[in-house]
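Letter by letter, the chains look like this.
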Amino acid sequence: MIDWKAILRRTLGLILFLVFLIAALAAALLAPYFLAALSANTFLLTVISVASFGLLLWIGVKAASAIAMLAIAKRSAALLAGTFAALFLAALYFAILRPSGSHFPDVIPYANTRFWTLSTGSVLAYSEFDPPAGMQVKPEAIVYLHGGPGVRQGPFDQEIYGSLAAAGFRVFLFDQAGSGLSAFLPHLRDYTIARSVDDLEGVRQQIGVDKMILIGHSWGSTLAALYMAKYPGHVAKVVFHSPGAIWHVEQALSSVDYSRTAAGKFSLPAPRLLAALLLRERNPDAAENLVPQKEAEMLVVPSFRKTLGTVVCKGDLSKLPPDLIAATAGSENPGVNPYVLQELIPATEDPGGDPHVALRANRTPAILLYPECNYLPWADVVDYRHTFSNLRVYYIPRAGHYIQFEQPELLKSVILAFLLNQPDPIPAHSGDTDPRISR
């Protein structure tokens, strides 16, 4: 005769065990996350994780055996919980704790790479392009600010902006602190808005000019605006290329639209890097103790590679520069530091640092270039228009986030006309209406 009561008790016991197993996994992940605010010691956080898992599972074994009316000795329950805890520790080690390797390749320098040591203490890699011999050099130097934050200036940036030297400008492109070939800052907490702005002022002092012409791409536009809020007298002109939001960048990024781009399927970072990025929210020191900055640069490459299609229009993947594809296709270190982005973007949510009030009084000549397939919201353009009183907006058709990939000559001609006070090659866009609405 079938003992249905025994079957029911054992089924309930098994269900209860599975519930405790899930709870143990949750505790093992959440306990070190929250306790990281108190300690950056990776070993201690690991012990807490495994102990939380083992303790809850031991309670689960005892509770499940009681419901199932199975006689399990304390020693057997502890052995079973300990075995599961050991398996959990092994999985934790191979998925998260195990270092990716002992050696990571250095970022490859360009032929014209040199270094500044700024008054802030930052060591920045830069490239300089000078006017042809015998040409009169203009007093304002062009300084290009790359996006990200956390990426670097690329050969494709040097090609388009370095060519402006032929018009008589000294042109400087540099990797922002912690990115590319520039030195890592000692602690993740050192990557701040104030440090980035002061680094740019340090760059101005290094190149020895009173006023710069700033060209900011994406995040670089945000940095240009933040610099102008603090040092309005040191910018002669500014170009905002596919600009990021002036402030509340994280909020603006929630409105990105990849529908016009060649974006493929995105993916989460490797579990080890994902764990470090989550720990960073609680304690940046704990994140860096788990995954140092140089290792993070390599771990982010696979997921970074899958974002390349976002910077060109749908159907234009072939327009991506071969060197950009090559830099993310193998074992090369492209110099992308995910921690820099994670530290700087949330900092723009602080209402105390909002630069809008200071910028509304700014009369610096400015242009903004917005491409048709840009994934960043048009609302950011409207904000720039209402903030900078001396701004002209240009809509660039059939181009993505990096305009030079699909419309290099148009990008160059619009910028040169602005810098040299020549007639516009294309009419400026008037009004706040998104020009893509009617298309």
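Placed above this text is the structure.
None of the values given here were measured: they were computed from a predicted structure.

Conventions adopted
- Residues numbered from 1 in each chain as written.
- Predicted model: local features only at pLDDT ≥ 70, side-chain atom pairs only at ≥ 80, totals over all residues.
- Heavy atoms only, no water.
- Helix = DSSP H or I, 4+ residues; strand = E, 2+ residues; numbered from the N terminus.
- Buried < 20%, exposed > 50% of the residue type's maximum accessible area, 1.4 Å probe, protein only.
- Contact = heavy atoms within 4.5 Å.
- Areas by Shrake-Rupley, 256 points an atom, 1.4 Å probe, with all protein chains shown as cover.
- Phe/Tyr/Trp six-rings, centres within 6.5 Å; stacked < 30°, edge-to-face > 60°.
- Lys NZ or Arg CZ within 6 Å of the ring centre and 35° of its normal.
- Pairing = 2+ DSSP bridges.
- Core = buried A, V, L, I, M, F, W, Y, C linked by side-chain atoms within 4.5 Å.
- Axes fitted to C-alpha atoms, helices over the stretch in contact; angles between N-to-C directions.
- Parallel < 35°, antiparallel > 145°, perpendicular 65-115°, else oblique.
- Nonpolar A, V, L, I, M, F, W, Y, C, P; charged D, E, K, R; others polar.
- Disulfide = S-S within 2.5 Å.
- Salt bridge = Lys/Arg side-chain N within 4 Å of Asp/Glu carboxyl O.
- Right-handed = clockwise from strand over helix to strand, strands pointing away.
- Patch = residues over 30% accessible without salt bridge, like charges linked within 9 Å, V, L, I, M, F, W, Y side chains within 5 Å.

Q: Is there a simple way to think about the overall build of the protein in this case?
A: A count of helical and extended segments in the protein gives 16 helices and eight strands. Reported as C-alpha extents along the three principal axes, the dimensions of the protein are approximately 100 × 50 × 40 Å. Counting all 439 residues of the protein, 52% fall into the buried class. At a minimum sequence separation of 6, the contacts of the protein that also span at least 24 residues come to 79%. For the protein, the exposed surface amounts to about 19700 Å²; the carbon and sulfur share of it is 63%.

Q: Could you clarify how one ought to interpret the packing of aromatic side chains in this entry?
A: In this description, an aromatic ring pair is defined by two values, namely the gap between the centres and the angle between the planes. Counted under the stated rule, the structure contains 18 aromatic pairs. Pairwise contacts between aromatic rings join Trp116, Tyr126, Phe172 and Phe174 into one cluster. Here Arg282 stacks its cationic end above the ring of Tyr33, 5.5 Å away from the centre of that ring.

Q: Help me understand the pairing of strand β1 (residues 114–117) in this model?
A: Along a regular strand, successive side chains alternate from one face of the sheet to the other. Here β1 pairs with strand β2 (residues 123–129) via four bridges, running antiparallel. Following the sheet pairing, Arg114 is matched in β2 by Tyr126.

Q: Could you clarify how one ought to interpret the nonpolar core in this entry?
A: Among soluble globular proteins, nonpolar side chains are generally buried collectively. Grouped together as the largest cluster of nonpolar side chains are 95 residues, with contacts concentrated most on Trp116, Val143, Phe174, Leu200, Leu214, Phe240 and Phe388. Excluding residues that lie within four positions of it along the chain, Phe174 makes contacts with Trp116, Leu124, Ala125, Tyr126, Val143, Tyr144, Leu145, His146, Gln153, Leu200 and Val203. Formed by 28 residues, the second largest nonpolar core is a distinct cluster that contains Tyr144, Tyr161, Ala165 and Leu416.

Q: When you look at unusual backbone geometry in this model, what are you seeing that I'm missing?
A: Comment: phi is negative for the bulk of residues other than glycine, and the bulk of peptide bonds are trans. Put simply, Gly148 and Pro149 share a cis peptide bond, and its omega is -10°. Checked against the element boundaries, Pro149 lands in the loop between β3 (141–145) and α4 (155–162). Backbone geometry at Ser218 places phi at a positive 55°, although glycine is not the residue there. Inspection of the secondary structure puts Ser218 in the loop between β5 (212–217) and α6 (219–230). At Ser242, a residue that is not glycine, the phi angle is positive and equals roughly 45°. Considering the arrangement of structural elements, one finds Ser242 in the loop between β6 (235–241) and α7 (249–253). On the accessibility criterion, Ser242 (0% relative accessible area) is buried.

Q: What am I meant to see in the packing of helix α5 (residues 193–207) against α6 here?
A: Helix packing geometry: the angle between the two helix axes and the distance between the axes. Where α5 contacts α6, the two axes come as close as 10 Å, and the packing angle between them is 80°. When the axis of α5 is compared with that of α6, the two are roughly perpendicular. Between α5 and α6, the contacting residues are Ile193, Ser196, Val197, Asp198, Leu200, Glu201 and Arg204 on the first element and Trp219, Leu223, Leu226, Tyr227 and Lys230 on the second. Considering only residue class, the contact of α5 with α6 consists of seven nonpolar, one polar and four charged.

Q: Honestly, the environment of Tyr93 in this entry has me stumped. Any pointers?
A: If you trace the backbone, Tyr93 turns up in helix α3 (residues 74–97). Tyr93 sits 172 residues away from Lys265 along the chain, and the two C-alpha atoms are 28 Å apart.

Q: Help me out: how do you make sense of the state of the cysteines in this one?
A: Each disulfide is one covalent bond, formed between the sulfur atoms of two cysteines. Following the criterion strictly, the structure yields one disulfide and no others. Residue Cys313 pairs covalently with Cys373 via a disulfide, S to S 2.1 Å. Of note, the bridge from Cys313 to Cys373 carries an S-S torsion of about 100° and is right-handed in sense. Separated by 60 residues along the polypeptide, Cys313 in the loop between α11 (301–305) and α12 (322–327) and Cys373 in the loop between β7 (366–371) and α15 (378–387) bring together distant segments of the chain. Here Cys313 and Cys373 have matching classes, each one buried.

Q: Help me understand the pattern of salt bridges in this model?
A: Pairing is possible between side chains that carry opposite charge, provided their charged atoms lie close to one another. Evaluated as defined, the whole model comprises 15 salt bridges. The residue Glu295 makes a salt bridge to Arg272 at a minimum N-O spacing of 2.7 Å. One end of the pair, Glu295, is in helix α10 (residues 293–299); the other, Arg272, is in helix α8 (residues 271–282), with 23 residues separating them in the sequence. Arg272 matches Glu295 in its accessibility class, with the two residues each being buried. Asp316 is the salt-bridge partner of Arg398, the closest N and O atoms lying 3.2 Å from each other. Pair noted here: Arg398 is in the loop between β8 (391–396) and α16 (408–419) and Asp316 is in the loop between α11 and α12, with a separation of 82 residues, a long-range link. For Arg398, a relative accessible area of 39% puts it in the partly exposed group. Because the salt bridges share partners, they merge into one network encompassing Arg114, Glu128 and Arg170.

Q: So what exactly am I meant to see when it comes to the pairing of β8 here?
A: Where burial is concerned, most of β8 is hidden: five out of the six residues are buried. In this fold, the crossover linking β7 to β8 by way of α15 has right-handed handedness.

Q: I would appreciate a short explanation of a nonpolar patch on the surface in the present structure.
A: There is a patch of nonpolar side chains on the surface, built from Leu8, Leu12, Ile15, Val19 and Ile67 and spanning about 430 Å² of accessible area. Considering each element in turn, the nonpolar patch owes the most residues, four residues, to helix α1 (residues 4–35).

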